[in-house]
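# Breakdown of the fold
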Amino acid sequence: MNASARAIAIALPISLATIIGVVSQAQTTVNTAVKGEITIWGWKDPLSALKLVDDSFGKAFPNVTLKYVQKSAPDTYQGLKLAVSAGSGAPDVVLLEDSNLAQFVGLGALADVTDRTQPYLKKMNAYKWNAATLKGRVYSMPWDSGPVAMYYRRDVFQKAGVDINSIKTWNDYLSAAKVIKAKTGVKMLPLAKARNDARFFETLLWQQGIGYTDRSGAVILDKDPRASLALGLIANLYKDDLTADFENWTDPWYKTMSDGQIATLPMASWMGGFLKGWIAPKTAGQWGVVPLPTFSGSRARASNDGGSHLAILESSKNKEAAWAYIEYHLGRPESQLTMYKAADLFPSLESTYSDPIFNEPDAFFGGQKSRQVFAEAVRTVSNATVYTPDYAEINGLVSIEIQKLALGKQSVSATLGNAAKSVRDRTRRK
Amino acid sequence: MRSLEIIPRPARPVAAWQRLWRQRWGLLFIAPFFVLFGVFSVYPILFSSWLSFREWNGVPGKEVFVGFENFSYALRDNLFWESMLNVVLIFALHLPLMLLVALVLAVILNQNFLRLQGLWRALIFLPHLTSMVAAGFTFRLILEQETGFANALLTGLGLPSVPWLNDVWWARVSVSLLLLWAWTGYQMVIFLSALQTIPPELNEAAMMDGANRVQIFWRITVPLLQPVIIFCLTVSLIGTFGLFTEPTILTGGGPIHSTATPTMEIFGNAFTNLKYGYAAALSYIYFLIVVVATIIQLRFTNRGQA
Amino acid sequence: MTRRSSSRAAPRPPLSQHLVHGLIYAFIVAICVFTTFPFIWMLFSSLKPLGEIFGQGLLPANPSLENFRRLFTETPALGALVRSFLIALTATVSSVFFCALGGYGFAKFRFPGRGPLFALMLGTMTVPFAVMLVPLFVMMRNVFHWIDTPWPLIVPGIANAFGIFFMRQYMVSISDEMLDAARIDGASEWQIFLRLVLPTTTPALASLGIIFFMGSWNNYLWPTIVLRDPSSATLPVLIASLQGDAGRTPYDLIMAASVVSTLPMLIVFLLLQRFFYAGITAGSVKG
């Protein structure tokens, strides 16, 4: 219970710690020294999760009042960019997806929390710090991770007579896809062609430990053989017509899952919550989860897609209270577990994985201990940097080239070459 | 004061001031426009040119002078030039058809036998009143490949369904369709009011000479309406080059960037990618091209007229 | 009217004439179906639950105003509606006033540089808005601090070249004798403009006002840049931002909001049709 108070004492710069001696005294009970109102920006579901912890936060920090401003994710980012460049109107705390985090770090919008996050460096999934770090300084606190595994339809596999455990590599996956399609007519996975958003490609890159660029920032799409492995797999899936061509996050796409039109879904942990909650609640019991198949020559079975952080704005007048809030909500296993249970935001905080909930069978997944699959996956996600400051732009450019590939307009190597060229031209990288 | 002004003064500058003072009302009345024009147009345009030589992420004080770098990148920015090509293609896809349909409709609505003219005119004009955001979403849902009404109708008639928003060319057709929907009525109303200024005796005389309706349309109506046609052409040209809302809502610029427009490129570079300097350079190049295109178009149509 | 009676006399064999007329009616009706169908589809969809919107059927199975109730309780649509109206009204009244002023200045006064100034003004109409996008935004943000306020949608638009041109065309025909008579009666130029010129040009003001109102009501590009907070959005900006959040796009709310944004313009149009037509045609025919 007092982990957070202790953490604050450790994290505080010495000068502050001596001034606020109360912190160490009030370890077990209440902190009245940190006070003031803080404003928090974020979108609907995560905000309601955060609010679940507010009662106990209010008891620990009675003098901190919270003001939530709910916007959609795009509005949050646009509003933040505006506030940063206008020099006013920014909140104290903001919710940022990993994919958008680095852009704001690059803008100099976020407060340096290197010292404050020190106690958590080893406690969080190591790869989460990548997007939060610039030149050795840390600018945000990880909340949730997006470990990727493969959801699959038990009923479809059974009907096709394919054993899910026989799929060890992506080549196995391709062969199984052909069998399943031949026997049941069901496509292996939903993967848009003209509306491809490059997220699956990113998942496959990340699985192999790379992003679009290397550590020096140079584009590696046309240089690293792992990029051609990833895109080659996608091209093969298209070539043999093993994909259902629906744009992500549209109704026909949801329908593929609720109506059993797809056999697998290689996606992140948060997708399980969506499936269960509103996409396909009626398919309960028919799903299972396994780790991703491997690429030849590699044993990596995990990847990441998405995830989020909380950050303090550099302009915040009350960084103490803001950090108290962030630490209480994200640094305590109790808080993280409350939010995980309610909103399926997979904790980046590794000490939570020993909680009994990770060993509970989930009826939606046919009684499988599905959370265990993700907990194991998340610990092996590699340290790749997909989410660069210009990630949104690169993602858009690469999507265009993958769309051309999907529509049969260019080969795998041409796609990688063209993508690399347009990323270099646009982002002025090497 | 008044008497002083009336007394003629020998000194020339004073006389000039006097003249100006007597003419002050006209200048005063047009002054608000030029003051606001200076503040909200001239200054931004000058600021933009200053910006186009800099790299800037929008944070005040972080501007970095980069010389002509933005322009040299812009010249080999495929996406930007593709967006130029896209609007040219969308223009070519919808404009001839729109002009023809609008003209034919105007001629028909100008016929005396037709009843309920006001109703037809209103119904055809109606789309022009709609916000393109509302219309864009509606079209997006109607044209949705799997669940949209358009394909339900086509398959119901035994025709193959069409990848309206999922194919490079069909997506351009879809944007053109939205433009046709929104602007045909507008052009028709303009043509109709121009037609009503043509003396009916002209058509009657032609008919007496044995000309049929089609001949009258091409030989008399179209030539007489030429100035108005050129007006509509110019408005459409500038409008199509400046397309933003329609493709943003309907297609998001896709697939494969096939419906992205220069304005979307400028917008994205500025507000999504936070490259204000680059966006300013793009907008200058774009401006230049629009001016040249308009001049070419006017030259071309004027020559045709002569 | 004379035209009607005269062309009715044109000799035509009745049978083929009926056929031609029938075809023409069919053509017109087909076009009208094309132009009105999206409205009907929008309206019907706004009465359906989300799942049914993707059902390919046209008529709602159980029409309900639930989407509208949710739109006004779960989103700031009411504020956006009121804001859109107030902004459009303020922008329209102020721009029409200043356009009339400028148009009157160009039409009825002689002053040095009138010709070149008029030409310069007309020339500004060819500057595409995209050129101003970035600098104007930066100006609104860092100089005026007008982001998330209505002012960027009102003030820069007051300087409207098209409007001044439009008003000038009307005001040229005001009789000089009438103006001079008023001057002799001792009226100031300002009084003449307010009491004499404005009242005599009411139809033109109404036409121009309607064009401006429609433009402001439906505008999206500029508002989406300067209105960043949902609590300051106009209707089109709000509608577009409804699709923003992850998860299922709320097309039910989007369709309801689209109806809310379309309906007022339709009502204004039905009441003031002739001003719409006049406003739209004036620019082309007289130009």
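Residues numbered from 1 in each chain as written. Chains lettered and ligands numbered in written order. Predicted model: local features only at pLDDT ≥ 70, side-chain atom pairs only at ≥ 80, totals over all residues. Heavy atoms only, no water.

What follows covers the overall build of chain A. Within chain A, the secondary structure is distributed over 19 helices and 11 strands. Taken against the 2.2 N^0.38 rule, which gives 22 Å for 430 residues, the C-alpha radius of gyration of chain A at 22 Å falls within 12% of a compact globule. Once the C-alpha set of chain A is aligned to its principal axes, its extents read approximately 70 × 50 × 35 Å. Evaluated residue by residue, chain A yields a buried proportion of 61% over its 430 residues. Contacts in chain A between residues at least 24 apart in sequence constitute 74% of all its contacts with a sequence separation of at least 6. Summed over its atoms, the accessible surface of chain A is roughly 16100 Å², and 52% of this surface lies on carbon and sulfur atoms. Here chain A holds 49 positive side-chain charges and 40 negative ones, and the gap between their average locations is 2 Å. (Helix = DSSP H or I, 4+ residues; strand = E, 2+ residues; numbered from the N terminus. Rg over C-alpha atoms; globule rule 2.2 N^0.38 Å. Buried < 20%, exposed > 50% of the residue type's maximum accessible area, 1.4 Å probe, protein only. Contact = heavy atoms within 4.5 Å. Areas by Shrake-Rupley, 256 points an atom, 1.4 Å probe, with all protein chains shown as cover. Lys, Arg positive; Asp, Glu negative; His and termini not counted. Charge placed at Lys NZ, Arg CZ, Asp CG, Glu CD.)

Moving on: the domain arrangement of chain A. Frequently, the measure chosen for interface size is the accessible area removed from exposure when the parts meet. Residues and elements named next belong to chain A. Assigned domains within chain A: domain 1 (3-146 + 306-359) and domain 2 (149-304 + 372-427). The C-alpha-based centres of domain 1 and domain 2 are spaced at 31 Å. Facing 19 residues of domain 1, the contacting portion of domain 2 comprises 24 residues. Counting across the interface, domain 1 meets domain 2 through 0 salt bridges. In this assembly, domain 1 and domain 2 are joined by 7 residue pairs in polar contact (both at pLDDT 80 or more). The element best represented in the side of domain 1 that touches domain 2 is helix H7 (residues 98-107), accounting for 4 residues. Considered class by class, the residues forming the side of domain 1 that touches domain 2 number 7 nonpolar, 9 polar and 3 charged. (Domains from an automatic or database assignment. Salt bridge = Lys/Arg side-chain N within 4 Å of Asp/Glu carboxyl O. Polar contact = N/O pair within 3.5 Å; in protein donor to acceptor, adjacent residues only side chain to side chain. Nonpolar A, V, L, I, M, F, W, Y, C, P; charged D, E, K, R; others polar.)

Before going further, it helps to spend a moment on the pattern of salt bridges. Applying the stated rule across the entire model yields 30 salt bridges over all chains. Between C:Asp229 and A:Lys71 there is a salt bridge, and its shortest N-O distance comes to 2.7 Å. On the criterion of chain membership, the pair formed by C:Asp229 in the loop between helix H13 (221-226) and helix H14 (235-242) and A:Lys71 in the loop between strand E2 (64-70) and helix H6 (73-86) is interchain, its members lying in two chains. On the accessibility criterion, A:Lys71 (4% relative accessible area) is buried. Each of A:Glu393, A:Arg426, B:Asp77, B:Glu265 and B:Lys275 takes part in a single network of salt bridges with overlapping partners.

Now for the domain arrangement of chain C. Residues and elements named next belong to chain C. Annotation of chain C at the domain level lists domain 1 (2-46) and domain 2 (67-285). Listed per partner, the contact involves 6 residues of domain 1 and 7 residues of domain 2. Overall, the association of domain 1 and domain 2 removes approximately 540 Å² of surface from exposure, summing both partners, and the carbon and sulfur fraction of that is 79%. Here domain 1 is connected to domain 2 by 0 salt bridges. Taken together, the connections running from domain 1 to domain 2 amount to 1 residue pair in polar contact (both at pLDDT 80 or more). In terms of residue class, the side of domain 1 that touches domain 2 is made up of 4 nonpolar, 2 polar and no charged. (Buried area = accessible area lost by both parts, 1.4 Å probe.)

Contact with chain A, which involves 15 residues of that partner, is made by 15 residues of chain C. For the chain A and chain C pair, buried surface summed over both sides reaches about 1300 Å², with 53% attributable to carbon and sulfur atoms. Ranking the residues of chain A by area buried against chain C places A:Asp75, A:Leu82 and A:Asp251 at the top, with a combined share of 37%. The tally of links between chain A and chain C comes to 1 salt bridge. At the level of secondary structure, the elements contributing two or more residues to the side of chain A that touches chain C comprise H6 and helix H13 (251-258) of chain A. Broken down by element, the residue count for the side of chain A that touches chain C peaks at 7 residues, all from H6(A).

Okay, the packing of helix H3 (residues 24-51) of chain B against helix H5 (residues 77-108) of chain C next. As a packed pair, H3(B) and H5(C) sit with axes 8 Å apart at the nearest point and diverge in direction by 135°. For the element pair H3(B) / H5(C), the angle class is oblique. Considering only the axes of H3(B) and H5(C), their crossing is left-handed. Residues B:Gly26, B:Phe29, B:Ile30, B:Pro32 and B:Phe34 of H3(B) lie in contact with H5(C), whose contacting residues are C:Phe98, C:Leu101, C:Gly102, C:Tyr104, C:Gly105 and C:Phe106. The residue inventory of the contact of H3(B) with H5(C), partitioned by class, reads 8 nonpolar, 3 polar and no charged. (Axes fitted to C-alpha atoms, helices over the stretch in contact; angles between N-to-C directions. Parallel < 35°, antiparallel > 145°, perpendicular 65-115°, else oblique. Left-handed = near helix turned anticlockwise from the far one by under 90°.)

Successive residues of a regular strand alternate their side chains across the two faces of the sheet. Residues and elements named next belong to chain A. Across the 13 residues of strand E6 (residues 141-153), 13 count as buried, placing the element largely inside the fold. Bridging between E6 and strand E11 (residues 303-312) involves 6 bridges; their strand directions are antiparallel. Looking at E11, one finds that Met141 is bridged to Leu310. Two strands pair when backbone bridges link them, and E6 and strand E9 (residues 264-268) are joined in this way by 5 bridges, in the antiparallel orientation. Bridge pairing in E9 links Ala149 to Met267. One ladder, built from 4 bridges, connects E6 with strand E10 (residues 287-290); its direction is antiparallel. Note on E10: the bridge partner recorded for Tyr151 is Val289. (Pairing = 2+ DSSP bridges.)

Let's shift gears to helix H17 (residues 370-378) of chain A. Every α-helical turn comprises 3.6 residues, leaving residues that sit three or four positions apart pointing alike. Residue and element names in this part refer to chain A. Extensive coverage of H17 is indicated by the burial of 8 of its 9 residues. When we look at burial in H17, the residues that qualify are Ser370, Arg371, Gln372, Val373, Phe374, Ala375, Ala377 and Val378. Residues of H17 that are buried make contact with E6, E9, helix H14 (269-279), E10 and helix H16 (333-343).

Counting 343 residues, the largest nonpolar core has A:Met188 and A:Phe201 as its most contacted members. With 16 residues, the top contributor of residues to this core is helix H15 (residues 251-285) of chain C. Contact partners of A:Met188, with chain neighbours within four places excluded, come to A:Phe157, A:Ile167, A:Tyr173, A:Ala176, A:Ala177, A:Ile180, A:Leu242, A:Ile262, A:Ala263 and A:Thr264. (Core = buried A, V, L, I, M, F, W, Y, C linked by side-chain atoms within 4.5 Å.)

To continue, consider the interface of chain B and chain C. Between chain B and chain C, the residue contacts involve 88 residues of the former and 97 residues of the latter. Taking both sides of the interface into account, the surface hidden between chain B and chain C amounts to around 8600 Å²; carbon and sulfur atoms contribute 79%. Summed over the shared surface of chain B and chain C, the number is 0 salt bridges. Scanning the region where chain B abuts chain C turns up 9 residue pairs in polar contact (both at pLDDT 80 or more). The leading source of residues in the side of chain B that touches chain C is H3(B), at 19 residues.

What follows deals with a nonpolar patch on the surface. Residues and elements named next belong to chain C. Side chains of Phe72, Leu78, Val82, Phe85, Leu86, Leu89 and Val93 sit close together on the surface and give an oily, nonpolar patch of about 620 Å² of accessible area. Examining the composition of the nonpolar patch, we find that 6 residues originate from one element, H5, more than from any other. In this fold, Phe72 is placed in helix H4 (residues 66-74). We classify Phe72 as partly exposed; its relative accessible area is 33%. (Patch = residues over 30% accessible without salt bridge, like charges linked within 9 Å, V, L, I, M, F, W, Y side chains within 5 Å.)

Tracing the backbone shows C:Ser261 in helix H15. Ignoring sequence-local partners within four residues, the contact set of C:Ser261 consists of B:Ser131, B:Ala134, C:Trp217, C:Leu235 and C:Ile239.

Before going further, it helps to examine the packing of aromatic side chains. Considering all chains together, one arrives at 82 aromatic pairs over all chains under this definition. Ring geometry for A:Phe57 versus A:Tyr325: centroids 5.7 Å apart, planes at 85°, classification edge-to-face. Residue A:Phe57 is located in helix H5 (residues 54-60), and its partner A:Tyr325 is located in helix H15 (residues 319-330); the two are separated by 268 residues in the primary sequence. Of the two residues examined, A:Phe57 and A:Tyr325, each falls in the buried class. An angle of 85° between the planes, with centres 6.0 Å apart, marks the rings of C:Phe269 and C:Tyr277 as edge-to-face. (Phe/Tyr/Trp six-rings, centres within 6.5 Å; stacked < 30°, edge-to-face > 60°.)

What follows covers the side chain of A:Thr427. By secondary structure assignment, the location of A:Thr427 is in helix H19 (residues 412-427). You can call A:Thr427 buried: its relative accessible area is 13%. A polar atom in the side chain of A:Thr427 sits 2.6 Å from the backbone oxygen of A:Val423. Filtering out sequence-adjacent residues up to four positions away, A:Thr427 remains in contact with A:Asp390, A:Glu393, A:Ile394 and B:Lys275.

This part takes up empty space enclosed by the protein. Left-over empty space is what a probe sized like a water molecule reveals as it rolls over the atoms. Residue and element names in this part refer to chain A. Applying the stated criterion to the full structure yields 5 cavities of 30 Å³ or more. Considering only enclosed or pocket space, the largest cavity measures out at about 110 Å³ in volume. For the largest cavity, the lining is made up of 13 residues, of which Ser269, Tyr340, Asp344, Arg371 and Phe374 are closest to its centre. At the level of secondary structure, the elements contributing two or more residues to the lining of the largest cavity comprise H14 and H17. Looking at the lining of the largest cavity element by element, the count peaks at 4 residues for H14. (1 Å grid on protein atoms, 1.4 Å probe; cavity = no way out; pocket = protein on both sides within 12 Å on 5 of 7 lines; lining within 4 Å. Points joined across faces, edges and corners; volume = space filled by probe spheres on them.)

We now examine the environment of B:Leu100. Residues and elements named next belong to chain B. Relative to the assigned elements, Leu100 resides in helix H5 (residues 78-109). Note on Leu100: relative accessible area 37%, which makes it partly exposed. Separated by 115 residues in the primary sequence, Leu100 and Gln215 have C-alpha atoms spaced 15 Å apart.

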